[in-house]
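Listed here are the chains, written in short residue letters.
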Amino acid sequence: SRTREWTHRSPTRGGNTMEVILTILGTVFTVFKYVFYVYTSLIFVVPLVAVVQERKIWSRSPAVPSMNLLAHLKVYIFNVIFMGTGYIGCFLLLPKMIIRGLDDSVERDAHCLVERIDAYACLSAMVGPVVVRGVENLPPENGDVPAPIYIANHSSQIDAGAVYYLFRRFKWIAKKSLLVLPGVGGTMFLGRHIFIDRRRGKNKGSVSKLYAKANESLQKGIPLFIFPQGSRRITERLPFKDGAFNIALENESMLVPVSLHIPLGVWNDWYPINLLWGAKKEPVVLTVHKPVKVTKDMNKEELKQRCTDIIYSVLPKIGETEEEVKEKKQKIEDKKTT
């Protein structure tokens, strides 16, 4: 009788177990679905923070125009496109990453396809044309070791997109906190960029890892792109920090100075709507200077000052005339020949 009772009850026990498993799976799926919805919605929330950050840059001095209402909207859309395009790109690369792992081809596609398309979409839609001068000064992409380090001034959120118009592969050095942002974090992870943890108590060890990964990248023939001044400023010329120059000196990597000129009315005009009536847009201009050769015995402070002078030689100070800029540039050229 006990055998019959056990035989009679076992299907019920099996059915209950299956129901529990299905219930757990259903709960996990529901939670995952809502987390996915919330995370995706950040694409429309985080850009509000970016608007506030960009507004601070343009409100630091009465010498530059403050952002008007249209400018706030354009900065918001700029960042939505930036995050949204990257988000889609990550999903498109996901199958390849699952099949092949995080290899060099995935890293290259993340940078040369997803990040570039993302940058072009943002700037074409909200900023306008980008002009690159001094293209002949760009080092060839032939895998030479050590790879060069590109350095530039940092004025706006626009800079991070404009530099992709150089059509060169490189790695960023960025805050680790960016990894949590939808789109941005995913593409930077797939591109295997270099991150620094700025949390208190974590910074020292993170800097050591940063230098190790930077050296590894350069010795593999992959350049770096660094904004040595750190913080974004359009009216102030902040002193360059040591990081890029420490890395260049240790690896004897040549430095490629790039001057980024952002027009003062870049956000406040009616672009792209004004294209309908044939209005012309002042371009963002990147000027690539001749590479600076670096050896380990060079004085770091002198190297920093030299690169600072080169980068700002073609960039007018706010309120400075074109004639003054030309005169300053000529003085720098005279110093080189003496």
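Everything below is about the structure shown above.
Residues numbered from 1 in each chain as written. Predicted model: local features only at pLDDT ≥ 70, side-chain atom pairs only at ≥ 80, totals over all residues. Heavy atoms only, no water.

A few points about the overall build of the protein chain
The criterion, for reference: Counting from the N terminus, the helices are DSSP H or I runs at least four residues long and the strands are E runs at least two residues long. Residue exposure (1.4 Å probe, protein chains only): buried if accessible area is under 20% of the type maximum, exposed if over 50%, otherwise partly exposed. Contacts are assigned to residue pairs that have any heavy atoms within 4.5 Å of one another. Every accessible area reported is derived by Shrake-Rupley at a probe size of 1.4 Å, with residue values counting cover from the shown protein chains alone.
Helix and strand counts for the protein chain come out as 9 helices and 7 strands. Counting all 338 residues of the protein chain, 43% fall into the buried class. The contacts in the protein chain between residues at least 6 apart in sequence include a share of 77% that link residues at least 24 apart. On the protein chain, roughly 19,000 Å² of surface is accessible, and the fraction owed to carbon and sulfur atoms is 61%.

Overview of unusual backbone geometry
Cis geometry marks the peptide bond from Val 145 to Pro 146; its omega dihedral reads 0°. Checked against the element boundaries, Pro 146 lands in the loop between strand 1 (130–133) and strand 2 (149–152). That bond from Tyr 271 to Pro 272 is cis: its omega, 10°, falls within 30 degrees of zero. Of note, Arg 192 is a non-glycine position whose phi angle comes to about 50°, a positive value. Tracing the backbone shows Arg 192 in the loop between helix 5 (184–190) and strand 4 (194–196). Residue Glu 252 is not a glycine yet carries a positive backbone phi of 55°. Relative to the elements of secondary structure, Glu 252 occurs in the loop between helix 7 (243–251) and strand 6 (255–261).

What about the packing of helix 7 against helix 8 (residues 300–312)?
Put simply, the rule reads: To get an axis, a line is fitted to the C-alpha atoms, and for a helix only the part in contact is used. The angle between two axes follows their N-to-C directions and goes from 0 to 180 degrees. Helix crossings fall into two classes, left-handed where the near helix is turned counterclockwise from the far one by less than a right angle and right-handed where it is turned clockwise. Note on residue categories: nonpolar means Ala, Val, Leu, Ile, Met, Phe, Trp, Tyr, Cys or Pro, charged means Asp, Glu, Lys or Arg, and polar means any other residue, Gly included.
Viewed as axis vectors pointing N to C, helix 7 and helix 8 meet at an angle of 115°, and their least axial separation amounts to 10 Å. For the pair helix 7 and helix 8, the crossing hand works out as right-handed. Touching Phe 245, Asn 246 and Leu 249 of helix 7 are Lys 300, Leu 303, Lys 304 and Cys 307, all from helix 8. Considered class by class, the residues forming the contact of helix 7 with helix 8 number 4 nonpolar, 1 polar and 2 charged.

A few points about the nonpolar core
In summary, soluble globular proteins display a tendency toward joint burial of nonpolar side chains. This is how the line gets drawn: Nine residue types can take part in a nonpolar core, namely buried Ala, Val, Leu, Ile, Met, Phe, Trp, Tyr and Cys, and a core is a set of them joined through side-chain atoms within 4.5 Å.
If you look at the biggest cluster of nonpolar residues, it comprises 45 residues, and the most contacted ones within it are Trp 58, Leu 123, Val 163, Phe 225, Trp 267 and Leu 286. Considering every element that reaches this core, the biggest residue donor is helix 2 (residues 69–100), with 6 residues. If near-sequence neighbours (up to four positions away) are discounted, Trp 58 is found in contact with Val 64, Pro 65, Ser 66, Met 67, Ile 234, Ile 262, Pro 263, Leu 264, Val 266 and Trp 267. Core analysis: the next-biggest nonpolar cluster, separate from the first, contains 25 residues, Leu 224, Ala 248, Cys 307 and Ile 311 among them.

Focus: the packing of aromatic side chains
Note the following rule: Centres within 6.5 Å make a pair out of two Phe, Tyr or Trp rings, where for Trp the six-membered ring is used; the pair is then stacked when the planes are under 30 degrees apart, edge-to-face when over 60, and tilted otherwise.
Counting across every chain of the model gives 18 aromatic pairs. Taking 6.4 Å as the distance between ring centres and 20° as the angle between the ring planes, the aromatic pair formed by Phe 240 and Phe 245 counts as stacked. In this pair, the class of Phe 240 matches that of Phe 245, namely buried. Among the aromatic side chains, those forming a connected cluster through ring pairs are Tyr 34, Phe 36, Tyr 37, Tyr 39, Tyr 87 and Phe 91.

Points about the side chain of Arg 116
Within the fold, Arg 116 resides in helix 3 (residues 104–126). Ignoring sequence-local partners within four residues, the contact set of Arg 116 consists of His 111, Tyr 164, Phe 167, Arg 168 and Arg 169.

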